[in-house]
Amino acid sequence: MMQVISLLVENKPGALLRVTGILSARGYNIESLTVARTLDPELSRMTIGVDVEERLRAQVIKQMNKLINVLQATDMTDGRSICREMVLIKARTRQESRTALLKEVEIFGARVVDSSTDGFAIEATGDPEKLDEFIGLMRSYGEIEVARSGAVAISLESKKLRLQPPVPTRAAGSLAGNGVLNG
Amino acid sequence: MSGAQMLLECLVQEGVDCFFGYPGGVTLPFYDALYDHPIRHVLVRHEENACFAAEGYARATGKVGVCCATSGPGATNLITGLVDSMMDSIPIVALTGQVSSSLIGTDAFQEADTFGITRSCTKHNYMVRNIAELPRIVHEAFYVAASGRPGPVLVDIPKDVFQAMGHYTPVHSIHLPGYKVFTEGHAGQIRRAAQMIWEAERPMFYAGGGIIAADASRELQELTELVDGPAVTTLMGLGAMPSGHPNFISMPGMHGSYAANMGLTQSDLIVALGVRFDDRVTGRLAAFAPHAKIIHVDIDPAEIGKNRTPDVPIVGDVKRVLQKLNKVIEELKPAEAPRTETARRAWMHKLRSWKQEFPLAPVTSDTEIKPQHLMAEIDRVSGGKAIVTSDVGQHQMWAAQLVRFDLPRLWINSGGLGSMGFGLPSAIGAQFARPESLVISLVGDGGFQMAIPELATIASYGLPVKIIVMNNGYLGMVRQWQDLFYNNRLSSVTLDCFPDAEKLAGAYGFKGRTVTQPHELAAAVDACIAEPGPYLLNVKVSPFENVYPMVPSGGAINEMVMGPPQPAVVK
């Protein structure tokens, strides 16, 4: 089953590799991946779609949460969430089917972003499965080219982000024992 | 000051008194700063051994072990040690040089993508991009290595950062908002655990390396005494219970004792403390302890439920959790003998009698030295007090079975990764950490030959390490598996050339000897231990001895093979 994982990650070198490394070390293939900055430029939001065996899903999230650059890893498949993706389609059409195709675009709520005698460039957003259907539909009109953005997801549940406070160093003289902090 | 001097200042602030390394081109500025610095640098003969030595130091003390290598081949040579310390959760800070920032990515001389290569074999790693962030990164590295579940952290430092000039401003706090360390344990879960422990009829304490790492052996003993319950300790946990403790059973697993394995199998409550249900302990997972409820305490949330789903998970530092658990256990102690009292007594009695009935007893012979005989001799001179380091394989298993360890941090071996060549360099690190202690490097003839270059380090620093080679002329454990599972087709396991120990040690300027006869063994071991300096004792043992008991790969741990097949009686 496809697992959608949403991560809040420090925008630091190697952070992306660490996250994907957890999946590649177990031989999982990443189906989709998006990364972009958040409101805080030092943080990135990452959404990963990956096909993970049911019994290992919790383990994968735990491993990701262990990464020092990961502030939070959440399994979006578990709770209420919204998942959207964008697709750009270049559709070649014959003159006689242009109108029919435009009708489909309209029904789906997609937009034409470029038009030429060869055909159209179409932009659509939606649920990834919905987009699959739309792409299928567009194919029935002829040859198409597709670029998908990969899914982005946001949780609708109010999950508090728990950040760890700073810890005094050994140099500051109060790091207890082997340096553990209260959790 | 320069970046190189700043790095040394950071090491001083972290309390590093000695570290292990090997210089090279890009670390020249660092070694130049080291030239007139009081911190002690130990020059090993191969970078892999620098990391193993740092591990020996860390395992013997609980402090962070530090190793250092140059860029490219120096850094790549550290990899085995990094993975080794990752698998056994040993705190290591590895410092590597990198080519100058302007050359990174140009395939410069001795350039390797150390940061990329070591991502998956470290707990965390860093590349320092400028001198301003150097102190923060180094202090973070030490903090991350030692806190939570310990592990290796690598800091890659380009040559120009060593050379740059800057001001060292002390780092007073470390801010890693995403680094979650849970130490305290959930109070409700701890109470539930305590109740379950009192209610159990056949409880079993299954303790591992986490007890050693958390310095919780006293708390563990207390717990077993409070409820008079039996404890097994894993390969990584040996020494957590004194060998003579009445509640200590022995080591479970593939080469564990009958009592330990049957105890786990028949238990109705396993209290797992700082362990990871490793395949070498559980055997076939589906058949492991089928009747037992599980309480699992670990500081790493990802270990909980990884292999066996617990009934009561407790994420926390095992020392803190045990302190609290012991209190609650006392609090909940029934006024009268608990309902389960009779069953528990019978259970403890059963385990003790199993232990007596199927002991891990040394085999001896008049004509040849049995490997178990050698272990008994080592046990005799150690008396449960010496530091013993080992590689991986038959000698490791016999040592774990037969040599007693009465304190934590005496038994130093490559557990999870099973690295050959670990025993000798880790003994170097342990001896530097514990100059007054007797350090025995117990190695196989295979592992020893992987680590021979370090004889130079031992000689050069005059380390009184006692190297005892259990020499069976084979890659013993692989031979054992070829014997048992591949029709005894011994493929590339014969190590038929071994240097003359007396001459080899002599070439490095210390004493060595080979013994072959059982009646000479005790005196030879005594002479080895009595020697004030290093000593190489090569003990020729019977070549075809197999380690028993043995749980065949894929078997359940109660399906042990107790000994070699007996010859069929021909009528």
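Counting of residues starts from 1 at the beginning of each chain's written sequence and follows it residue by residue. For naming, the first written chain is A and the first written ligand is 1, with later ones following in the order written. The model is predicted, so local features are restricted to residues of pLDDT at least 70 and side-chain atom pairs to those at 80 or more, both for listing and for counting; the totals for chains, interfaces and linings are taken over all residues. Side-chain calculation: all heavy atoms of the structure are included, whereas hydrogens and water are not.

Peer 1: What should I look at first to understand the overall build of chain B in this one?
Peer 2: Runs of E in the DSSP output that reach at least two residues are strands. Runs of H or I that reach at least four are helices, and both are numbered from the N terminus. A tally of helices and strands in chain B yields 23 helices and 18 strands. For chain B, the spread of C-alpha atoms along the principal axes amounts to about 75 × 60 × 40 Å. For the exposure calls, accessible area comes from a 1.4 Å probe over protein chains only, and a residue counts as buried if that area is under 20% of its type's maximum, exposed if over 50%, partly exposed in between. Among the 571 residues that make up chain B, the fraction classed as buried is 60%. Pairs of residues are marked as contacts when any of their non-hydrogen atoms sit within 4.5 Å. Partitioning the intrachain contacts of chain B with sequence separation of at least 6 by distance along the chain shows that 74% fall at a separation of at least 24.

Peer 1: Just to check I follow, could you spell out the interface of chain A and chain B for this structure?
Peer 2: Interface size is commonly expressed as the accessible surface area that is lost when the partners come together. The partner chain B presents 35 residues to the 34 residues of chain A that form the contact. Salt bridge, as used here, is a side-chain nitrogen of Lys or Arg placed within 4 Å of a carboxyl oxygen of Asp or Glu. Applying the counting rule to chain A against chain B returns one salt bridge. Close ionic contact of D300(B) with K66(A) constitutes a salt bridge, the shortest N to O distance being 2.6 Å. N or O atoms within 3.5 Å of each other form a polar contact, as long as, within protein, one can give a hydrogen and the other can take it, and as long as residues adjacent in sequence are counted only when both atoms are side-chain atoms. Between the two partners, chain A and chain B, sit 10 residue pairs in polar contact (both at pLDDT 80 or more). Mapped onto the side of chain A that touches chain B, the elements with two or more residues apiece are α1 (15-25), α2 (57-66), β4 (70-75) and β10 (167-168) of chain A. In terms of residue count, α2(A) provides more of the side of chain A that touches chain B than any other element does, five residues in total. In the scheme used here, Gly and all other residues not listed as nonpolar or charged are polar, with Ala, Val, Leu, Ile, Met, Phe, Trp, Tyr, Cys and Pro taken as nonpolar and Asp, Glu, Lys and Arg as charged. In terms of residue class, the side of chain A that touches chain B is made up of 16 nonpolar, 12 polar and six charged. Bridge count for β10(A) against strand β7 (residues 173-174) of chain B is two bridges, and the pairing is antiparallel. Note that in β7(B) the partner of V167(A) across the bridge is I174(B). The rule for pairing is simple: two strands pair if DSSP sees at least two bridges between them.

Peer 1: Please explain the confidence of the model for chain A as it appears in this structure.
Peer 2: Close inspection of predicted coordinates is inappropriate in any region flagged by low pLDDT. Residue and element names in this part refer to chain A. Known as pLDDT, the predictor's per-residue confidence is scaled from 0 to 100. Of all residues in chain A, 92% have pLDDT values of 70 or greater, and the mean over the chain is 88. Within chain A, the element-level pLDDT minimum falls on β10, averaging 88, and the maximum on strand β8 (residues 144-148), averaging 96. Contacts for the low-pLDDT stretch residues 174-183, under 50 throughout, to residues beyond four places or in other chains number 26 contacts.

Peer 1: Explain the domain arrangement of chain B here, please?
Peer 2: All names here are of chain B. The split into domains, and so the bounds of each, comes from an automatic or database assignment of domains. Along its sequence, chain B is carved into domain 1 (3-163), domain 2 (187-357) and domain 3 (371-540). Distance between the C-alpha centres of domain 2 and domain 3: 32 Å. Each side of the interface is counted separately: domain 2 has 15 residues, and domain 3 has 17 residues. Buried area: the accessible surface (1.4 Å probe) lost by two parts on joining, summed over both. With both sides pooled, the region where domain 2 packs onto domain 3 buries about 1300 Å², and carbon together with sulfur makes up 62% of that total.

Peer 1: Please clarify how the sheet that holds strand β9 (residues 231-233) of chain B should be interpreted in this entry.
Peer 2: Adjacent strands of a sheet form backbone hydrogen bonds with each other and so pair up, either parallel or antiparallel. Residue and element names in this part refer to chain B. Taken together, the five strands give an open sheet; going across it, the order is β9-β8-β10-β11-β12, and neighbouring strands pair in parallel fashion. A single partner strand is all that each edge strand has here, and the edge strands are β9 and β12 (312-315). Across this sheet, the average inter-strand angle for adjacent strands is 15 degrees, counted without regard to direction. As paired strands, strand β8 (residues 203-207) and β9 are joined by three bridges and run parallel to one another. Looking at the pairing, A207 lines up with T233 of β9. Structural elements are reduced to axes, namely lines fitted to C-alpha atoms, with helices fitted over the stretch in contact, and the angle between N-to-C directions of any two is expressed from 0 to 180 degrees.

Peer 1: Hey, could you run me through the nonpolar core in this one?
Peer 2: A general tendency of soluble globular proteins is for nonpolar side chains to be buried together. Residue and element names in this part refer to chain B. Note on terminology: a nonpolar core comprises buried Ala, Val, Leu, Ile, Met, Phe, Trp, Tyr and Cys residues joined through side-chain atoms within 4.5 Å. With 81 residues, the main nonpolar core has F20, F448, I467, I468, L536, L537 and V539 as its most contacted residues. Considering every element that reaches this core, the biggest residue donor is helix α3 (residues 47-61), with eight residues. F19, L95, L134 and V153 belong to the second-largest nonpolar core, a separate cluster that totals 43 residues.

Peer 1: Please explain the packing of helix α9 (residues 187-199) of chain B against helix α14 (residues 318-331) of chain B as it appears in this structure.
Peer 2: Between two packed helices, what matters for the description is the angle formed by their axes and the separation of those axes. Residues and elements named next belong to chain B. Where α9 meets α14, the closest approach of the two axes is 9 Å, and the angle between their N-to-C directions is 55 degrees. Judged by the inter-axis angle, α9 sits oblique to α14. For the crossing formed where α9 meets α14, the hand is right-handed. Taking contact as the criterion, the partners of I190, R191, A193, A194, I197 and W198 in α9 are, on α14, V321, K324, L325, V328, I329 and E331. Of the residues in the contact of α9 with α14, the class split is nine nonpolar, no polar and three charged. Oblique is the label for any angle not under 35 degrees, not over 145, and not in the 65 to 115 range, which are roughly parallel, roughly antiparallel and roughly perpendicular in turn. Handedness of a helix crossing follows the sense of rotation of the near helix relative to the far helix, less than a right angle counterclockwise being left-handed and clockwise being right-handed.

Peer 1: When you look at the side chain of S243(B) in this model, what are you seeing that I'm missing?
Peer 2: Residue and element names in this part refer to chain B. Considering the arrangement of structural elements, one finds S243 in the loop between β9 and α12 (258-266). A distance of 2.5 Å separates a polar atom in the side chain of S243 from a polar atom in the side chain of D406. Other than its neighbours up to four places away in sequence, S243 contacts F248, K355, R404, F405 and D406.

Peer 1: What's the story with the domain arrangement of chain A in this structure? I'm lost.
Peer 2: All names here are of chain A. Domain parsing of chain A yields domain 1 (2-79) and domain 2 (82-153). Computed from C-alpha atoms alone, the centre-to-centre distance between domain 1 and domain 2 is 29 Å. Each side of the interface is counted separately: domain 1 has seven residues, and domain 2 has five residues. Between the two partners, domain 1 and domain 2, sit zero salt bridges. If you look at where domain 1 meets domain 2, you find one residue pair in polar contact (both at pLDDT 80 or more). With three residues, strand β2 (residues 30-37) is the largest single contributor of residues to the side of domain 1 that touches domain 2. Class assignment of the residues belonging to the side of domain 1 that touches domain 2 gives a composition of three nonpolar, four polar and no charged.

Peer 1: What should I look at first to understand the pairing of strand β15 (residues 439-444) of chain B in this one?
Peer 2: Along any regular strand, the residues point their side chains to alternate faces of the sheet. Residues and elements named next belong to chain B. For β15, a buried count of six out of six residues is recorded, marking the element as mostly surrounded by other parts of the structure. Pairing of strand β13 (residues 387-390) with β15, which is carried by four bridges, proceeds in the parallel orientation. Considered in β15, the bridge of S390 is made with L442. Relative to strand β16 (residues 466-471), β15 is paired through five bridges, and the arrangement is parallel. Across the sheet, the residue bridging to S441 is I467, located in β16.

Peer 1: Which parts of the structure should I look at to understand the sheet that holds β13(B)?
Peer 2: Residues and elements named next belong to chain B. Spatially, β14-β13-β15-β16-β18-β17 is the arrangement adopted by the six strands of the open sheet, whose pairing is parallel. Single-partner strands in this sheet number two, and they are β14 (411-413) and β17 (511-515). Between one strand and the next, the sheet's axes are offset by a mean angle of 15 degrees, whatever the strand orientation. Contacts between helix α23 (residues 518-530) and the sheet are confined to β15, β16, β17 and β18 (535-540), with β18 contributing the most and set at about 165 degrees to the helix.

Peer 1: How should helix α7 (residues 134-146) of chain B be read in this particular structure?
Peer 2: Three or four residues apart is the spacing at which side chains of an α-helix point the same way, because the helix has 3.6 residues per turn. Residues and elements named next belong to chain B. Given a rise of 1.5 Å per residue, 13 residues ought to cover 18 Å, and the 19 Å separating the end C-alpha atoms of α7 matches this to within 8%. Summarising burial for α7: 12 of the 13 residues are buried, a large majority. Of the positions making up α7, those classed as buried are L134, P135, I137, V138, H139, E140, A141, F142, Y143, V144, A145 and A146. A helix is expected to span 1.5 Å multiplied by its residue count minus one.

Peer 1: Honestly, unusual backbone geometry in this entry has me stumped. Any pointers?
Peer 2: Most peptide bonds take the trans form, and the phi angle of most residues other than glycine is negative. All names here are of chain B. With an omega dihedral of -5 degrees, the bond running from Y548 to P549 counts as a cis peptide bond. Considering the arrangement of structural elements, one finds P549 in the segment after β18. A positive phi angle, near 55 degrees, is found at S89, a position not held by glycine. Here S89 shows up in the loop between α5 (79-87) and β4 (92-98). Accessibility expressed as a relative area gives 14% for S89, which makes it buried. If you check the backbone angles, D215 has positive phi at about 60 degrees while not being a glycine.

Peer 1: Please explain the environment of G3(B) as it appears in this structure.
Peer 2: Residue and element names in this part refer to chain B. Inspection of the secondary structure assignment puts G3 in helix α1 (residues 3-13). With 156 residues separating them in the primary sequence, G3 and K159 have C-alpha atoms 9.2 Å apart. Beyond its immediate sequence surroundings of up to four residues, G3 is in contact with I131, L134, V161, F162 and A164.

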